[in-house]
Amino acid sequence: MKRLFSVILALTAFVMIGSVSAFAKKEIKPVYASDLVFGSYEIDAAVSNSELNAESCTLNVSGEIMTARMSLAGNEVTALYFGSAEDARRAEESGSLSGTVYPDKDENGRNVYVFRVDALDTKISCAAYNEVKGDWADRDIMLKSKSLPNRAFKLTRTQNTAAVVIPIMIVIAAAGGTFALISINRKNKQNDRGGEE
């Protein structure tokens, strides 16, 4: 009985740890357009340098394509090149800066950049051209899925949690049923022995 209890307890713990671990890993996996519902959502943008400080950022999801519309707090950056700063300099020297994104202006006169996003929670490497410094610098942008509302996800975070919790509850319930059956069988055997005496 004790040995069986230990085995079931160990199996339950294993399932719980494995499920929670898998869930935790899922939280940090990239989020793609296919994971999201069509629409536009405000999203937090993390940047590697204050010159790219995002005043606001909107994520647009259309089919399998995501784009970001990011407004910068300052106007020092006048171009984004989606590659390294070194590649941007070489492209500039050759007179071909294909892939460079130039800003529009919003109603407040801030620079607004619109660019393609392959995945959320994944570093987007680019080069920013600082007009004051007159040079390119390597920068990173990351759009954070945790700032999106639940309605943006095809499978909500509540459903994700349920997918982990429900199997755990089933295992525990099954274990409880096993203990009950063992207890009943044991009592029946004791009663049978008592009747024979």
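Structural notes, computed from the coordinates.

Reading the values: the criteria
- Residues numbered from 1 in each chain as written.
- Predicted model: local features only at pLDDT ≥ 70, side-chain atom pairs only at ≥ 80, totals over all residues.
- Heavy atoms only, no water.
- Helix = DSSP H or I, 4+ residues; strand = E, 2+ residues; numbered from the N terminus.
- Contact = heavy atoms within 4.5 Å.
- Areas by Shrake-Rupley, 256 points an atom, 1.4 Å probe, with all protein chains shown as cover.
- Phe/Tyr/Trp six-rings, centres within 6.5 Å; stacked < 30°, edge-to-face > 60°.
- Buried < 20%, exposed > 50% of the residue type's maximum accessible area, 1.4 Å probe, protein only.
- Core = buried A, V, L, I, M, F, W, Y, C linked by side-chain atoms within 4.5 Å.
- Pairing = 2+ DSSP bridges.
- Polar contact = N/O pair within 3.5 Å; in protein donor to acceptor, adjacent residues only side chain to side chain.

A look at the overall build of the protein chain
Working step 1: From N to C terminus, the protein chain includes 3 helices and 10 strands.
Working step 2: Counted from the first residue to the last, the protein chain has its helices and strands arranged as α-β-β-β-β-β-α-β-β-β-β-β-α.
Working step 3: The contacts in the protein chain between residues at least 6 apart in sequence include a share of 63% that link residues at least 24 apart.
Working step 4: A total of about 12,200 Å² of accessible surface is found on the protein chain, and carbon and sulfur atoms cover 56% of it.

Things to note about the packing of aromatic side chains
Working step 1: Enumeration according to the criterion identifies 3 aromatic pairs in this entry.
Working step 2: With a centroid separation of 6.2 Å and 70° between ring planes, the pair formed by Tyr81 and Trp136 is classed as edge-to-face. Here Tyr81 is found in strand 5 (residues 77-81), whereas its partner Trp136 is found in strand 10 (residues 135-144), with 55 residues between them in sequence. In this structure, Tyr81 and Trp136 share a single accessibility class: buried.
Working step 3: Counting every residue linked through ring pairs, the aromatic cluster contains Tyr81, Tyr129 and Trp136.

Quick notes on the nonpolar core
Note on soluble globular proteins: their nonpolar side chains tend to be buried together.
Working step 1: Counting 28 residues, the largest nonpolar core has Leu36, Leu59, Leu120, Leu143 and Leu148 as the members making the most contacts within it.
Working step 2: Those elements that provide at least two residues to this core are strand 3 (54-62), strand 4 (65-72), strand 5, strand 8 (111-117), strand 9 (124-130) and strand 10.
Working step 3: Looking at this core element by element, the count peaks at 4 residues for strand 4.
Working step 4: In this structure, Ala85, Ala88, Tyr129 and Trp136 belong to the second largest nonpolar core, which totals 8 residues.

Quick look at the sheet that holds strand 10
Working step 1: Taken in spatial order, the 5 strands make up an open sheet running 2-10-9-5-6, and their pairing is antiparallel. Lying at the two open borders of the sheet, with one neighbouring strand each, are strand 2 (44-47) and strand 6 (100-101).
Working step 2: Pairing of strand 2 with strand 10, which is carried by 4 bridges, proceeds in the antiparallel orientation. Within strand 10, the position partnered with Asp44 by the bridge is Lys144.

Digging into the sheet that holds strand 7 (residues 104-105)
Working step 1: Spatially, 1-3-4-8-7 is the arrangement adopted by the 5 strands of the open sheet, whose pairing is antiparallel. Both edges of this open sheet fall to strand 1 (39-42) and strand 7, since each of them pairs with a single strand only.
Working step 2: Of the pairings in the sheet, the one linking strand 3 to strand 4 comprises 8 bridges and is antiparallel in character. Directly across from Cys57, in strand 4, lies its bridge partner Met70.

A short note on the side chain of Asn111
Working step 1: Among the structural elements, Asn111 can be located in strand 8.
Working step 2: At 2.9 Å, the side chain of Asn111 forms a polar contact with the backbone oxygen of Val77.
Working step 3: If sequence neighbours within four positions are ignored, Asn111 has contacts with Met70, Ser71, Leu72, Asn75, Val77, Thr78, Pro103, Asp104 and Lys105.

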